[in-house]
Amino acid sequence: MIDRPLSVVKELIENSLDAGASQIEISLADGGRRLIRVSDNGAGIPFDELPLAVKPHCTSKIRGLDDIYYSLTTLGFRGEALSSIAAVSHLTLTSRTAAEELGGRLEVSGGALVRHERDNLQPGTELEVRDLFFNTPARLKFLKSRQSETSQISTLLSSYALAYPEVRWSLVSQDRTVLSTTGDGDLYGVLLDLLGSEVGEKLVPVDFEFPPQAVSGYISPPQYHRHNRQRQWYFINRRPVGNKLLYKAVDDAVREFLSAGKFPLGAFFLELPPEEIDVNVHPMKREVSFAQPQGIYSLLRTAVSRAVGQTAAARQRQLTRGLAAVIAPAKFPGAAPADDPGSDPDTPPGFQALPLYEEGQALPLDPAAPPAPAGPPPAPIDFRPRPPAPTAASTGQPVSVSLGIGQPVSQYTAPHPSESGPPEVGIGMVSQIGDSFLLAATNHEVYLIDQHAAHERILFEGLYARLQAEQRGGMRQRLLFPLIIELLPGQAELVQAFGPALTALGFACELGAGPSLVVREVPLLLAGRVTVELVHGVFSELAEQDTSTLLADQIKELAASLACRAAIKAGERLPPDECYALVQQLLSRRSSLSCPHGRPTLIRLGVEELRRMFLR
Ligand code: ADP
Ligand code: MG
């Protein structure tokens, strides 16, 4: 069924793979509408058989009964693809087998043979499909934008690249290389090519066996995530699939670290006995069903939980949770509500009392201490530790222990900033520790602050959350001299794709000669912080984004990227007044505990917690 460029590409690369190609190149013009070219170095087609290849129901592939059944229920008869493509396009097929000295060329237009002649060629096959659907305007109408067709094809290709890492793939669209792999057979290498080295190098292997089932692959640590599933790939027995149950298994496995709507990046390969899966579904939709869904769910979920549990972020999160359980299992007063898109929903509604100490180390507090009493606490802030995390044992982490600090605090009232105006913060001295952390105190509490995370949070909220509140405009700074940034190949398209998002965030910029980006105004919050390096850094991150995402997602992605790169770094020594200003800003805004990448920003110790810590 040839309904769009995507299905043409799929058929052609399947043929190339069938022909044993180790190198497959795809070129597109106008999203495949004007041209789809697939060249391979496979077995080739003998000169005399070229006309047969484009005849209906002609196949050189004799397959087993299973395959006939499969074809009947899915694609229709074998040997149909090339003939159906030839019927709705101008098709040129050139090919040479290794045994021939010359190859041949066959041209077909709208199904009619135009030419069949000898040609001097390298071994292999090239299919050129021009003006797809030129004679079927109805189907032409259903095609989407060039960008959308291209991105569908690039998504398809990325799954083939992962399923066949031993093949050297390349996809070129409008003379720009969208995707290329080395073909050295290394799955990890393909992921590096697909995700970029910044994320790629942080990937964690997924490796879990439950014979006869197994899961392998890689997943990103939680701080690298997307707002969609476009960087997640699922395979069953090396066939790309999409399946809600598998999605849910991964989502649930990372739920502890990532809120709904955020997706880790990764590739997951399930090896399952054939009787476990039902492939009796249209393969273009890549759907499968399972004989025992629950078992498959647990398999993948366990595999992913274990992998993610190994990441530094997870360990850090546990540590913070442990600390939080000891000191302040509450949200920062005035924290943004959970549905605020600017807040980091990774911060759970309450912290779980996971142990603060490494496995095997003795806990200084009495693990037999009475558990937290039930019932609503009268305190304005919820200090109750949560019941032990039920997932702790299943993720291979040490089992939770009550730290014996479960009594509700009734007398204590924290300085509770009202949401209407800045709270009375009243901070005394602020010290910088290790050029990376800030220590501040009021009469009531002590704060430990990660300076980078805090500043990032402030910038992100300033850029993004205020935008949500419709406070657009006004807060820009016009640059005395416009910043001119030379663009690398491909970046001009990025600027165009993200133009509306840049404008929404308060940039005024345009494409200049070269091509270059001319920045005339920047958001006031970023005044003095927008540099050439910053812009290039942001672009390199955006380059692996799908440009067809919604504007709202683009804005959020862009705001997060800008905030992270423009923020004060860890290791930067700050003058005392800046330390002070940073703490003041952080404490006075409706802010959540985490930076947009999910790390904690602030740890708070109240008088009550100090008392408990000192066992008073
Ligand atoms: P099928 O793949 O089901 O056999 P197709 O219509 O896709 O049917 O292809 C028809 C025939 O053309 C194939 O059986 C094969 O012999 C030949 N063919 C198509 N593409 C290639 C290729 N890239 N390399 C070698 N042979 C090819
Ligand atoms: Mg085929």
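Residues numbered from 1 in each chain as written. Chains lettered and ligands numbered in written order. Predicted model: local features only at pLDDT ≥ 70, side-chain atom pairs only at ≥ 80, totals over all residues. Heavy atoms only, no water.

### Quick word on the overall build of the protein chain
Tallying secondary structure elements over the protein chain gives 18 helices and 24 strands in all. Per-residue burial for the protein chain yields a buried fraction of 50% across its 616 residues. If you sum the accessible surface of the protein chain, you get close to 28800 Å²; carbon and sulfur atoms cover 55% of it. (Helix = DSSP H or I, 4+ residues; strand = E, 2+ residues; numbered from the N terminus. Buried < 20%, exposed > 50% of the residue type's maximum accessible area, 1.4 Å probe, protein only. Areas by Shrake-Rupley, 256 points an atom, 1.4 Å probe, with all protein chains shown as cover.)

### Focus on the environment of phenylalanine 133
One can find phenylalanine 133 in the loop between strand S6 (124–130) and helix H5 (137–141). Taking the C-alpha atoms as reference, phenylalanine 133 lies 9.9 Å from alanine 86; in sequence the two are 47 residues apart. Ignoring any residue separated from it by four or fewer positions in sequence, one finds phenylalanine 133 in contact with Ile2, Asp3, Arg4, Val88, Arg139, Leu140 and Leu143. (Contact = heavy atoms within 4.5 Å.)

### Quick look at the pattern of salt bridges
If you walk through the whole model with that rule in mind, you get 23 salt bridges. Put simply, glutamate 14 and lysine 10 hold a salt bridge, and the shortest N to O gap is 3.9 Å. A residue pair is termed a helical-turn pair when its members lie 3 or 4 positions apart in one helix, as glutamate 14 and lysine 10 do in helix H1 (residues 5–18) at four residues. As far as the burial class goes, glutamate 14 and lysine 10 line up, both buried. It is possible to trace a salt-bridge network through shared partners that takes in Arg105, Glu107, Arg115, Glu117 and Asp119. (Salt bridge = Lys/Arg side-chain N within 4 Å of Asp/Glu carboxyl O.)

### Digging into the packing of helix H9 (residues 244–254) against helix H10 (residues 293–309)
For the pair H9 and H10, the least separation of the axes is 8 Å and the interaxial angle reads 35 degrees. Crossing handedness for the pair H9 and H10: right-handed. Taken together, the residues of H10 that come into contact with H9 (itself represented by Leu245, Leu246, Lys248, Ala249, Val250, Asp252, Ala253 and Val254) are Pro293, Ile296, Tyr297, Leu300, Arg301, Val304, Ser305 and Val308. (Axes fitted to C-alpha atoms, helices over the stretch in contact; angles between N-to-C directions. Left-handed = near helix turned anticlockwise from the far one by under 90°.)

### Observations regarding the environment of glutamine 174
Tracing the chain through its elements places glutamine 174 in the loop between strand S7 (168–173) and strand S8 (176–180). Separated by 147 residues in sequence, glutamine 174 and serine 27 have C-alpha atoms that sit 7.8 Å apart. Among residues more than four places away in sequence, those in contact with glutamine 174 are Leu28, Ala29, Asp30, Gly31 and Arg146.

### A look at the site of ligand 1
Neighbouring ligand 1 are 17 residues, the closest being Asn15, Asp40, Thr59, Ser60 and Lys61. Contact between ligand 1 and aspartate 40: a nitrogen atom at 2.8 Å from a side-chain N or O atom of the residue. Within the backbone of leucine 82, one N or O atom sits 2.9 Å away from an oxygen atom of ligand 1. In isolation ligand 1 exposes 530 Å². Once the protein is present, 93% of that is buried. Among the elements of the structure, H1 and helix H4 (81–87) are those that each provide at least two residues to the shell around ligand 1. (Near = heavy atom within 4 Å. Polar contact = N/O pair within 3.5 Å; in protein donor to acceptor, adjacent residues only side chain to side chain.)

### Quick notes on the environment of leucine 179
Looking at where leucine 179 falls in the secondary structure, it is placed in strand S8. For the pair leucine 179 and serine 158, spaced 21 residues apart in sequence, the C-alpha separation works out to 7.8 Å. Ignoring sequence-local partners within four residues, the contact set of leucine 179 consists of Ser154, Leu157, Ser158, Trp169, Ser170, Leu171 and Leu194.

### Quick notes on the packing of aromatic side chains
One pass over the structure, following the stated rule, counts six aromatic pairs. Taken together through their ring pairs, the aromatic side chains of Tyr160, Tyr164 and Trp169 make up a single cluster. Directly above the ring of phenylalanine 47 sits arginine 118, whose terminal nitrogen or CZ lies 3.9 Å from the centroid. (Phe/Tyr/Trp six-rings, centres within 6.5 Å; stacked < 30°, edge-to-face > 60°. Lys NZ or Arg CZ within 6 Å of the ring centre and 35° of its normal.)

### Examining the nonpolar core
By size, the foremost hydrophobic cluster in this structure holds 56 residues, and its most contacted members are Leu12, Ile13, Ile24, Ile26, Leu93, Leu162 and Trp169. By residue number, the principal contributor to this core is helix H6 (residues 146–163), which donates seven residues. Counting only domains with at least three residues in this core, you end up with domain 1 (5–184) and domain 2 (188–310). Dropping the residues within four chain positions of it, isoleucine 13 is found in contact with Ile24, Ile26, Val38, Leu156, Leu157, Tyr160 and Trp169. Residues Leu483, Leu526, Val535 and Ala567 belong to the second largest nonpolar core, which totals 35 residues. (Core = buried A, V, L, I, M, F, W, Y, C linked by side-chain atoms within 4.5 Å. Domains from an automatic or database assignment.)

### Details of a nonpolar patch on the surface
A cluster of nonpolar residues, Ile433, Phe437 and Leu448, forms a patch on the protein surface that exposes about 250 Å² of accessible area. Here isoleucine 433 shows up in strand S18 (residues 430–433). (Patch = residues over 30% accessible without salt bridge, like charges linked within 9 Å, V, L, I, M, F, W, Y side chains within 5 Å.)

### Examining H1
The terminal C-alpha atoms of H1, which comprises 14 residues, lie 20 Å apart, in line with the 20 Å expected from a rise of 1.5 Å per residue. Of all 14 residues that make up H1, twelve are buried, and the element is covered over most of its length. The set of residues buried in H1 consists of Pro5, Leu6, Ser7, Val8, Val9, Lys10, Glu11, Leu12, Ile13, Glu14, Ser16 and Leu17. (Expected span 1.5 Å × (residues − 1).)

### Examining the sheet that holds S18
Spatial strand order, S18-S19-S20-S24: four strands in an open sheet with antiparallel pairing. Each of the sheet's edge strands pairs with one partner strand only, and the pair in question is S18 and strand S24 (602–606). Across this sheet, the average inter-strand angle for adjacent strands is 15 degrees, counted without regard to direction. Here strand S19 (residues 437–441) pairs with strand S20 (residues 445–450) via five bridges, running antiparallel. From the neighbouring strand, leucine 438 faces S20, where its bridge partner is isoleucine 449. (Pairing = 2+ DSSP bridges.)

### Details of the sheet that holds strand S23 (residues 516–523)
What holds strands together in a sheet is hydrogen bonding between their backbones, with the strands either parallel or antiparallel. The strand order S21-S23-S22 describes an open sheet built from three strands, whose pairing is antiparallel. Strands at the two margins of the open sheet, each flanked by one partner only, are strand S21 (476–486) and strand S22 (508–512). Across the sheet, the mean angle from the axis of one strand to that of its neighbour is 15 degrees, orientation sign disregarded. Here S21 pairs with S23 via seven bridges, running antiparallel.

### Digging into the pairing of strand S15 (residues 266–271)
With five of its six residues buried, S15 lies for the most part within the structure. With six bridges joining them, strand S10 (residues 213–219) and S15 adopt antiparallel strand pairing. Among the inter-strand pairings, glycine 217 is bridged to a residue of S15, identified as phenylalanine 268. Judged from the five bridges that link them, strand S12 (residues 232–236) and S15 form a sheet pairing that is parallel. Across the sheet, glutamine 232 pairs through a bridge with glycine 266, a residue of S15.

### Observations concerning the pairing of S23
For S23, the buried fraction is high: seven of the eight residues fall into the buried class. Examined bridge by bridge, S22 and S23 share five bridges and lie antiparallel to one another. Looking at the pairing, leucine 511 lines up with leucine 517 of S23. Counted between consecutive antiparallel strands, the loop separating S22 from S23 contains three residues, among which glycine 514 sits at a positive phi close to 125 degrees.

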